[in-house]
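What follows is each chain in one-letter form.
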Amino acid sequence: MCEEFIDNQLSLIQLERQAEIDEEKKIKSSSSLRQLQKSGVALTRLVVTERKTGLLGRTMVYLRPIGSSDELPNSNFSNGQIVAIYQTNDITADPGATGVIQRISKKEIFVALDKTDVDLNENAATSIVMWTSDVTYKRLRVAAEKLKDHLQRRNQMVDLLLENGEPAPPNQNLPPPCKSSNGKLILLNDQLDDSQIAAVDFALRQKDLAVIHGPPGTGKTTTIIEIICQAVKFGAKILACAPSNVAVDNMVERLAKRKIRVVRLGHTARSEETLQKYSLDAILDSSDSHKIIRDVRSDITQAIKDIKGRRRGAGENIKSLRKELERRETTALREVLTSADVVLSTLTSAHDHGPLRNVPEEFFDYVVIDECSQATELSCWIALPRAKKVILAGDPWQLPPTVISPKAAKQGLALSLMERVIKKFGDKVTRMLTVQYRMHNDIMKWSSEAMYKGRLTAHPLVKGHLLKDLSGVDDTEDTSCPLVLIDTAGADLFELAQEDDERSRSNPGEAKIVAEHVSRLISAGVPAKDVAVVTPYNLQVETIRNLLTSDYPEVEVRSVDGYQGREKEAIVMSMVRSNDDRSVGFLAEERRLNVAVTRARRHFCVICDVETVGSNKFIKGLIDHITNSGEVRSAFEYETSLPSS
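Since the structure is predicted, the reported quantities are computational estimates derived from the model, not experimental observations.

Draft legend 1. Layout of the overall build of the protein. Of regular secondary structure, the protein possesses 20 helices and 23 strands. Looking at the protein residue by residue over its 645 residues, the buried ones come to 54%. Sequence separation of at least 24 residues holds for 75% of the intrachain contacts in the protein that already meet a minimum separation of 6. Counting only carbon and sulfur atoms, one obtains 46% of the accessible surface of the protein, whose full area is about 28,400 Å².

Written out as structure tokens, the structure reads:
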């Protein structure tokens, strides 16, 4: 199976890379930056408000909308995104600069430039556009080629996960520092529930592979942190990875609070500012070894000047100094990496040509991959061979890895390692967390039955909590109800499609209902910051934001895909689709609906045309659940949204 898998993955990542190139060509050939902004891949009418030197000498530029009081439009930009900066409308030309988004807020975006000698006009209208890089593609190719080498050397993980290997029987006893005299686990976090404790115990006993299946709100990362801390207690070295910088930062922050020695790999600008002190660059920069390295670099600079002055022996001196520099840098890197308890990085930053080349391949005892269900399998194989024991964590019933090429996704690139491993080994390697700490029981129950075989239970602290229980919130029909469905059938609130773009649809009528329902919640005392609106379509995101931003700037409005991993007290969802054909498009993706519903803590409201979306069996299951357990209203109760006669 292994050779076939490798060849197939190489073919699929080539398809994906070509899709990225085609998308970039589409962007560059477009004559309308405004249209690109509507698609979420550009931000226009910005101005550089500040330029300064950030951590480790990186040049930072701060950009805001030209109207200083304006907010940034909705977009697909996020921390760590590579962008091109233009101060011209001709984006077929080379950009004025490229860089990485360090942070994006509602009114400002911070970009760490790739080069320091960039001349940006602070008075010129500026645009940023998503920029593709072939770095990830190259790293994935190397990972695939390396897998072939591991196949020849009979690597343990390759045998287990890609051939016909079976998981080794678990250890009968826990490692001594982790168990009490009666053999039970000594918890470091005494707030864990029984399912979390069982998962930690299981993961520590497993010899080669453990999977932690964490449905929404069940404390998956909390469980992973406990496993890592327990392993560190008995001297294990950990490589902890995730597909996104946000997920990696989450682990860094939690581990640092537990006084674990951590080192964060990757571009410093891709980390939260408060966590940058844990980056490899920052730790190296403050080390005694690095002071000597700076001295050697200074000597090299002087030697180059000597060459220009034709001083005898300067050339040999430079060669000697460069060898000394390489030796000292390697030693310094190795000291930092090997002295850490946990090294953390995104999956693609764990490659062999980066800092990890300075430690032996199987230096680590554990490889831990959080949010594994959101990573392509080949990206996991960058890290997997680095240890004899692997722990995967995530939820395969939420959104899969993001894949641009529909053909590549259909042929298997969107199938995560975690999903495949669960199907292959099941309960032999998997433990599911079953107590959730987020949702009201009525909100949770649909997800539990539809996705998790009815195994979830709501913790007593959240089981019956409602919006009206929040301080300062009135008891109204909205704040006392956890589930609301607003049916637009018969109200002539039809969807509008953007030509040649399946993902660009809007429904202005639904958007008005969203705005009115949000207004009712906030008028009842629900803080605007505790309310979010989600919808599957970016065009609807923009439509709703235009209605809400001026009155309620703190209400987040995002696509469902962009809200995975988040939560709010109240979630309002617009399904958009309303048509005579009863077509639901990519709304039929069951995991997308699961993500939308499970973002809500105390109140979930969905606005939809039941006649249209109810044609899908899975969506109808949600409608039936709300009908039986919540409140159903007609769009006619929201008269301001209805078309005038």
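Additional details are given in the paragraphs that follow.
Draft legend 2. Expanded view of the pairing of strand β2 (residues 59-65). Within β2, six of the seven residues are buried, which leaves it mostly tucked inside the rest of the structure. Inspection of the sheet shows β2 paired to strand β5 (residues 109-113) by four bridges, in the antiparallel sense. Looking across to β5, one finds that V61 is bridged to V111.

Draft legend 3. Structural context of helix α7 (residues 245-257). Between its first and last C-alpha atoms α7 spans 18 Å; for 13 residues at 1.5 Å apiece the expected length is 18 Å, and the two agree. Those residues of α7 that sit buried are N245, A247, V248, D249, M251, V252, L255 and A256. The inward-facing, buried residues of α7 abut α6 (220-233), β8 (238-242), β9 (262-264) and β10 (342-346). K259 lies just past α7 and shows a positive phi near 65 degrees.

Draft legend 4. A look at the environment of Y278. In this structure, Y278 sits in the loop between β9 and α8 (280-285). Residue class for Y278 comes out partly exposed when judged on its relative accessible area of 22%. Taking the C-alpha atoms as reference points, Y278 and A256, separated by 22 residues in sequence, lie 8.6 Å from one another. If we ignore the near neighbours within four places in the chain, the residues touching Y278 are V252, A256, V262, V263, R264 and I283.

Draft legend 5. Focus on the packing of aromatic side chains. The full count for this structure, using the stated rule, is four aromatic pairs. Between the aromatic rings of Y62 and F110, the centroid separation amounts to 4.3 Å while the plane-to-plane angle is 80 degrees, which identifies the pairing as edge-to-face. In this pair, Y62 sits in strand β2 while F110 sits in strand β5, placing the two residues 48 residues apart along the sequence. Residue Y62 is classed as buried on the basis of its relative accessible area, which comes to 10%. Stacked on the ring of F202, the Lys or Arg R431 has its end atom at 3.9 Å from the ring centre. One residue, R520, lies across the ring of Y638, its end atom 4.1 Å from the ring centre.

Draft legend 6. The arrangement of the sheet that holds strand β22 (residues 600-608) in detail. Spatial ordering of the open sheet is given by β20-β19-β21-β22-β16-β23, a layout of six strands whose pairing is parallel. Edge positions in the sheet fall to β20 (556-559) and β23 (631-634), since each of these pairs with one other strand and no more. If you compare each strand with its neighbour and ignore which way they point, the axes differ by 20 degrees on average. Where strand β16 (residues 483-487) lies against β23, four bridges are found, and the strand directions are parallel. Among the inter-strand pairings, L485 is bridged to a residue of β23, identified as V632. Across the sheet, helix α20 (residues 617-629) is in contact with β16, β22 and β23; its angle to β16 comes to roughly 115 degrees.

Draft legend 7. Structural detail: the pairing of β5. For β5, the buried fraction is high: five of the five residues fall into the buried class. In β5, alternate side chains face the same way, and those of I109, V111 and L113 on one face and F110 and A112 on the other are all buried. Relative to β5, strand β4 (residues 97-104) is paired through five bridges, and the arrangement is antiparallel. Counterpart to G99 in the pairing with β5 is L113. Linkage of β4 to β5, two consecutive antiparallel strands, is achieved through a turn of four residues.

Draft legend 8. Here's a closer look at the nonpolar core. Core analysis: the biggest nonpolar cluster contains 58 residues, and L161, L209, L239, W381, L392 and V421 have the highest contact counts within it. Once residues lying within four places of it in the same chain are set aside, the contact partners of W381 are F5, A143, L147, M157, V158, L161 and L162. In this structure, A203, L204, A231 and V248 belong to the second largest nonpolar core, which totals 37 residues.

Draft legend 9. Representation of the sheet that holds strand β7 (residues 209-213) in the model. Taking strand neighbours across the sheet as the criterion, the seven strands line up as β9-β10-β8-β11-β12-β7-β13 in an open arrangement whose pairing is parallel. With partners counted over all chains shown, the strands left at the sheet margins are β9 and β13 (430-432), one partner each. If you compare each strand with its neighbour and ignore which way they point, the axes differ by 20 degrees on average. Pairing analysis gives five bridges linking β8 to β10, with the strands arranged parallel. Following the sheet pairing, A242 is matched in β10 by T346. Lying on the sheet, helix α13 (residues 417-425) is in contact with β7, β12 (389-394) and β13; it crosses β7 at an angle near 110 degrees.

Draft legend 10. A look at helix α16 (residues 508-523). Along its 16 residues, α16 runs 22 Å from first to last C-alpha, staying within 8% of the 22 Å computed at 1.5 Å per residue. Elements in contact with the buried residues of α16: β16, β19 (531-535), α17 (538-548), β21 (568-574), β22 and β23. Looking one or two residues beyond α16, the residue adopting positive phi is G525, at roughly 110 degrees.

Draft legend 11. Main features of unusual backbone geometry. Even without being glycine, K453 reaches a positive phi, approximately 55 degrees. Summarising the element assignment, K453 is placed in the loop between α14 (441-451) and β15 (457-458). A positive phi angle, near 60 degrees, is found at D492, a position not held by glycine. For D492, the location among the structural elements is in the loop between β16 and β17 (496-498).

Draft legend 12. Region of interest: the side chain of S405. One can find S405 in the loop between β12 and α12 (406-413). The exposure class of S405 is buried, given its relative accessible area of 5%. Polar contacts involving the side chain of S405 include one to the main-chain amide nitrogen of A408, which spans 3.0 Å. Ignoring anything within four residues of it in the chain, the contact list for S405 reads L15, E16 and A19.

Quick notes on the rules
Residues numbered from 1 in each chain as written. Predicted model: local features only at pLDDT ≥ 70, side-chain atom pairs only at ≥ 80, totals over all residues. Heavy atoms only, no water. Helix = DSSP H or I, 4+ residues; strand = E, 2+ residues; numbered from the N terminus. Buried < 20%, exposed > 50% of the residue type's maximum accessible area, 1.4 Å probe, protein only. Contact = heavy atoms within 4.5 Å. Areas by Shrake-Rupley, 256 points an atom, 1.4 Å probe, with all protein chains shown as cover. Pairing = 2+ DSSP bridges. Expected span 1.5 Å × (residues − 1). Phe/Tyr/Trp six-rings, centres within 6.5 Å; stacked < 30°, edge-to-face > 60°. Lys NZ or Arg CZ within 6 Å of the ring centre and 35° of its normal. Axes fitted to C-alpha atoms, helices over the stretch in contact; angles between N-to-C directions. Core = buried A, V, L, I, M, F, W, Y, C linked by side-chain atoms within 4.5 Å. Polar contact = N/O pair within 3.5 Å; in protein donor to acceptor, adjacent residues only side chain to side chain.

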